[in-house]
Amino acid sequence: MLSGSCHCQRVKYEVTGPIQSAQHCHCHTCRKIHGTVFGSSAVVDGTVFRVTEGQDHLVEYESSPGKRRYFCSTCHSPIYALQADEPEIVVLRLGTLDDEPDQKPSRHIWLSDKPAWYEVKDALPQHETN
Ligand SMILES: [Zn+2]
Ligand SMILES: [Zn+2]
């Protein structure tokens, strides 16, 4: 089992099943939402993800039609996202994990949005879109 939390610890969650995939996303929206050059996320089945504390501290933001991103209302850590067209999965923000996941990010996506000031230097596959 993996545990995770926001920075202020009001929101806590657990993942009781496997990570299906993990990636670094360089899209414009992830950059803005995370305030970083890319966002690192993992896909898990919704049945293995559970918010264990602070459900009432979560706020959501629809960053694009059908994509709802959830944040702690106090410290604003991005925790996870849901997509209307894939209701069975949860996209978890890897940086909020407190444990080491077995599965590491396996690719970079949306390189077409990457700013010139950052260069990807690892050997993972790079995709212009997703
Ligand atoms: Zn918080
Ligand atoms: Zn993205």
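Our structure is the block above this text.
Every value quoted in this text rests on a predicted model; they were computed, and no experiment measured them.

A. Representation of the sheet that holds strand β1 (residues 2-5). The 3 strands are arranged β1-β2-β5 in an open sheet whose pairing can be described as antiparallel. A strand with exactly one partner marks an edge of an open sheet, and here the two such strands are β1 and β5 (49-53). This sheet shows a mean twist of 25° between the axes of neighbouring strands, independent of strand direction. Taken together, the 4 bridges between strand β2 (residues 12-15) and β5 define a ladder with antiparallel strand orientation. Within β5, the position partnered with lysine 12 by the bridge is glutamate 53.

B. Geometry of the coordination of the zinc ion (ligand 1). Every protein donor of the zinc ion (ligand 1) is accounted for by Cys6 (SG), Cys8 (SG), Cys72 (SG) and Cys75 (SG), and the metal-donor separations fall at 2.3 Å. In this structure, the zinc ion (ligand 1) is coordinated by 4 donor atoms arranged in tetrahedral fashion, with angles at the metal of 106 to 114°. In primary-sequence terms, the residues that donate to the zinc ion (ligand 1) follow C-x1-C-x63-C-x2-C. Placement of the pair is cysteine 8 in the loop between β1 and β2 and cysteine 72 in strand β7 (residues 67-72), with a sequence separation of 64 residues.

C. Representation of the coordination of the zinc ion (ligand 2) in the model. Only Cys25 (SG), Cys27 (SG) and Cys30 (SG) from the protein coordinate the zinc ion (ligand 2), and they sit 2.1 to 2.3 Å from it. Sequence positions of the donors to the zinc ion (ligand 2) reduce to the motif C-x1-C-x2-C. Summarising the burial analysis for this pair, cysteine 27 and cysteine 30 share the class buried.

D. Spatial organisation of the sheet that holds strand β9 (residues 89-93). An order of β6-β7-β8-β9-β4-β3-β10 is seen for the 7 strands of this open sheet, with the pairing classed as mixed. This sheet does not close on itself; its edge strands, each paired only once, are β6 (58-64) and β10 (108-109). By the bridge criterion, 6 bridges tie β6 to β7 in an arrangement that is antiparallel. Counterpart to valine 59 in the pairing with β7 is phenylalanine 71.

Here is what the cut-offs are and how they apply
- Residues numbered from 1 in each chain as written.
- Chains lettered and ligands numbered in written order.
- Predicted model: local features only at pLDDT ≥ 70, side-chain atom pairs only at ≥ 80, totals over all residues.
- Heavy atoms only, no water.
- Pairing = 2+ DSSP bridges.
- Helix = DSSP H or I, 4+ residues; strand = E, 2+ residues; numbered from the N terminus.
- Axes fitted to C-alpha atoms, helices over the stretch in contact; angles between N-to-C directions.
- Donors = N, O, S within 2.8 Å, 3.2 Å for Na, K, Ca; no water.
- Tetrahedral: all angles 85-135°; square planar, octahedral: opposite > 155°, others 65-115°.
- Buried < 20%, exposed > 50% of the residue type's maximum accessible area, 1.4 Å probe, protein only.

Such coordinate-based values are descriptive only and should not be taken to indicate function.
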